[in-house]
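Here's the letter readout for the chains.
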Amino acid sequence: TRRKKIHQNHQLIRSQNANGVLTPIFVEWGSASMQTTLPIEIISASAGSGKTYTLSKTLVKALRNGVRPEAVLATTFTNKAAAELVERVRADLFKDQKWEYAQRIFDGHLGTVNSVCGRLLKEFAFELGLSPVQDVLPEEDNFFIFERAIAPVSEKYSQEIDAIASRFEINDWRDILKDIINKIRTNDIDPASLSKSYEWSWKTFQDILPATSKSGEDRIDKELTDAIPATYAALKQNQSDTTKATKGVIKKLGNHIRSRTETSSMPWPDWARFSKLEPGAKSRDLCERLTNAAKIHTSHPRLHRDIQTLVRLLFECAREAVVAFSEFKEKNGIVDFVDQEKLALELLRIPEVQERLKEDLKIVFVDEFQDTSPIQLALFIQFARLASKSVWVGDQKQAIYGFRGTDPMLMDAVIDKIISPGPPKILSGSYRSRPGLIHFTNSVFEAAFEPLGISPDRVRLEPKLEDGPGQKTPLLVWRLSRKDSTIEKDKASDDKETRSLAVAVGNLLEQCDDYKILDKNTKQTRPLKPADIAILCRRNSKCEKVATFLEEYGIRASIPRSGLMSTPECILGFSALRYPGLSPKFYVRQNESCESQPRSSFFCRIVPCPDLFKISLIPSAIA
């Protein structure tokens, strides 16, 4: 749900994530009239619609009209996208014989959001009281540092939370904790204000749950405790019902009785399961007492208390964990990507910095705006207020960074509330896909996004390519069979399906003459080749299985590999080399135990460890 209200001189948008975290997004305004004065151009660009081409041409046009290369700021989400944008711009500048501009474009602020933030923090380090040299924590290392920093806090709360989480059959409540912390940091929420999130989250549960029963906990527990063995005995004695459904209920009740679980500690999902028992028709009356006794669990005072306590403890733990993580980074002189964004936002609110950037900054480009987190949105708004013009490009259909706290609905909120009325510029042509695929995706996305308030013209594309001679329908649906005689010996159903996929790919290649591909180099149609096929899997482990089965059928396949620099040995080695001027002795810490190791014996003692990723290498000066 999304709630909106005006609070003092801020436009406030609150959203609730699955864990009940209030995520406020503050956009500063001097007055309401300023909502129509921000010089922002929104471009809605789907995949293959010429987004990079449009961005590069717009940037080149600005340079031709007198904008200095140093006055350009452009953010992307990947280094590859930034490099592609720069190279296209430089190619056009070379054609114009603007050799100096082509070189000076590197002096502009072009790169990922975090690289741009990092550069600004170096340029204005003294205004924030920072060192110009910052040790930025690599994203791949952030998880391990985070785990280490919050370990004492999570351990402090673990005993109490574990007991309640087990009653809800939550496998790892720390995953919920990390999600809450991620929301806190990417929304720049003051940890001290989390009590409001807890109160609001608990209130949402109260609105859903019925009032607590006045029967008393002991009486409710006793009714269920007595009903389970009584129902089990009655079903066992009912010889007239031999259905599979009734046998399943008997087995479930028998397992519970043998487990000797006290009703007071019985998991709440078990209460729910007992309330939904479905034996055969001849035994339904025998289960009525048990199902009625279990149905009252939603009114159980202990359930309400468990929910309230769990929510409160998670928010309290999150509050302390955020503080502990910040103190750990400060103590060790490191910052991560979110810290860079928060510091950059703080920097952009300094009047002296604003005045200088107003002079230096003329045009701002924001790529992949649909993957903007709330704190990044605040950054882009600040840039828009400082620059003469801003161009934001995005597409809700391509939002993929939810795990970083991004929210594609922010794009709509910005268009509706922050930018002057009027539809965004839409790149409606598709220069990448065949007409059949475009019509198919139009049908899917128009129906999916219209209930969200996004009009069909915002997602509809017009194909600009034509099918080549002999090309068939570009969409096939394969229903993989698990009963094929070639796969009957496989026991795991997942392996059977994967092998079926390999067989289907082999059959497709045997009929390659029937499937024509438009060659990108010759611009002529040709038969399908193995290199034309890409297989997308949800997990890396599934990719490896698919590749293995394809190899068995004589089809060469390649899968991405992390490479030498990502191996545990190299990660540890580079960690050591980052501190060449410190003491030659390092502490290898695992499970809170420490021992001093001379540098010469470091690798021979560490590499054989089976749990290598849980080892932290810390210079003795820091430890």
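As shown above, the structure is provided for reference.
In this convention, every chain numbers its residues from 1, walking through the sequence in written order. For this predicted model, a pLDDT threshold of at least 70 governs which residues receive local features, and a threshold of 80 or more governs which side-chain atom pairs are given and counted, while totals over whole chains, interfaces and linings are taken from all residues. With hydrogens and water excluded, all non-hydrogen atoms of the structure serve as input to the side-chain values.

Draft legend 1. Representation of the overall build of the protein within the structure. Strands are runs of DSSP state E lasting at least 2 residues, helices are runs of H or I lasting at least 4, and numbering of each runs from the N terminus. For the protein, the count of helices and strands is 22 helices and 18 strands. Out of the 623 residues in the protein, the part that is buried amounts to 45%. A contact between two residues is defined here by any heavy atoms of the two lying within 4.5 Å. For the protein, the share of sequence-separated contacts (at least 6 apart) that also reach a separation of at least 24 residues comes to 74%. Approximately 34,400 Å² of the protein is accessible, and the part contributed by carbon and sulfur atoms is 52%. Using a 1.4 Å probe on the protein chains alone, a residue whose accessible area is under 20% of its type maximum counts as buried, one over 50% counts as exposed, and one in between counts as partly exposed. Using a 1.4 Å probe, the Shrake-Rupley method yields the accessible areas, and only the shown protein chains count as cover for residues.

Draft legend 2. Focus on a negative patch on the surface. A cluster of acidic residues, E127, E352, E355 and E359, forms a negative patch on the protein surface. With 3 residues, helix α15 (residues 351–360) is the largest single contributor of residues to the negative patch. Its place among the elements puts E359 in helix α15. Patch membership needs two things, relative accessible area over 30% and no salt bridge, and members are linked within 9 Å if like-charged or within 5 Å if nonpolar (Val, Leu, Ile, Met, Phe, Trp, Tyr). The rule for a salt bridge is simple: a side-chain nitrogen of Lys or Arg has to be within 4 Å of a carboxyl oxygen of Asp or Glu. His is not counted, nor are the chain ends, whereas Lys and Arg count as positive and Asp and Glu as negative. In plain terms, the charge of a residue is placed at NZ if it is Lys, CZ if Arg, CG if Asp and CD if Glu.

Draft legend 3. Fine view of the packing of aromatic side chains. Aromatic rings from Phe, Tyr and Trp, taking only the six-membered ring of Trp, are treated as a pair when their centres fall within 6.5 Å; an angle between ring planes under 30 degrees marks them as stacked, one over 60 as edge-to-face, and anything in between as tilted. Per the counting criterion, the structure on display carries 7 aromatic pairs. Relative to F144, the ring of F143 lies with its centre 5.5 Å away and its plane at 80°, an arrangement referred to as edge-to-face. Linked through ring pairs, F369, F380 and W392 together constitute an aromatic cluster. Between the NZ or CZ atom of K98 and the centre of the ring of Y101, over which it lies, the distance is 5.6 Å. Ring-over charges, as used throughout, are those where CZ of Arg or NZ of Lys falls within 6 Å of the ring centre and within 35 degrees of the ring normal. Taking the ring centre of Y515 as reference, the NZ or CZ of K472 above it sits at 5.6 Å.

Draft legend 4. Region of interest: the sheet that holds strand β4 (residues 40–45). Here, strands pair whenever DSSP counts at least two bridges between them. Spatially, the 6 strands line up as an open sheet ordered β6-β5-β9-β10-β4-β11, and their pairing is parallel. Either end of the sheet is taken by a strand with one partner, and the two such strands are β6 (109–112) and β11 (425–427). For this sheet, the mean inter-axis angle between neighbouring strands, taken without regard to orientation, is 15°. Summarising the sheet, strand β5 (residues 72–76) and strand β9 (residues 363–366) pair through 4 bridges and their orientation is parallel. Note that in β9 the partner of T75 across the bridge is V366. Comment: axis = line fitted to C-alpha atoms, over the contacting stretch for helices; angle = value between 0 and 180 degrees taken between N-to-C directions. The strands touched by helix α4 (residues 113–123) within the sheet are β5 and β6, with β6 carrying the most contacts at an inclination of about 135°.

Draft legend 5. Highlighting the environment of H300. Among the secondary structure elements, H300 is positioned in the loop between α12 (284–295) and α13 (301–332). Along the chain, H300 and A211 lie 89 residues apart, while their C-alpha atoms are 8.8 Å from each other. Aside from chain neighbours lying at most four places away, what touches H300 is E217, I220, D221, W268 and W271.

Draft legend 6. The environment of A81, seen in detail. Locating A81 in the fold gives a position in helix α2 (residues 79–95). Put simply, A81 and G111 are 30 residues apart on the chain and 8.3 Å apart in space, counted from C-alpha to C-alpha.

Draft legend 7. Region of the structure containing the packing of helix α6 (residues 139–167) against helix α7 (residues 173–186). Contact pair α6 / α7: the axes reach a minimum separation of 9 Å and the direction vectors enclose 125°. The orientation of α6 relative to α7 falls into the category oblique. Considering the relative orientation of α6 and α7, their crossing is right-handed. Taking contact as the criterion, the partners of F143, F146, E147, I150, S154, S158, I161, D162 and A165 in α6 are, on α7, W173, R174, L177, K178 and I181. Looking at the contact of α6 with α7, its residues break down into 8 nonpolar, 2 polar and 4 charged. Note on terminology: angles under 35 degrees are roughly parallel, angles over 145 are roughly antiparallel, angles of 65 to 115 are roughly perpendicular, and the others are oblique. Left-handed is the label given to a crossing in which the near helix is rotated counterclockwise from the far helix by less than a right angle, and right-handed is the label when the rotation is clockwise. Under the scheme applied here, ten amino acids are nonpolar (Ala, Val, Leu, Ile, Met, Phe, Trp, Tyr, Cys and Pro), four are charged (Asp, Glu, Lys and Arg), and all others, including Gly, are polar.

Draft legend 8. Highlighting the pairing of β4. Within β4, 5 of the 6 residues are buried, which leaves it mostly tucked inside the rest of the structure. Where β4 meets strand β10 (residues 389–394), 5 bridges bridge the pair, whose relative direction is parallel. Directly across from E41, in β10, lies its bridge partner V391. Direction of pairing for β4 relative to β11: parallel, over a ladder of 3 bridges. Within β11, the position partnered with S44 by the bridge is I426.

Draft legend 9. Region of the structure containing α4. Those residues of α4 not exposed but buried are V113, N114, V116, C117, G118, L120 and L121. Those residues of α4 that are buried are in contact with β5, β6, α5 (125–128), α14 (337–348) and α16 (374–386).

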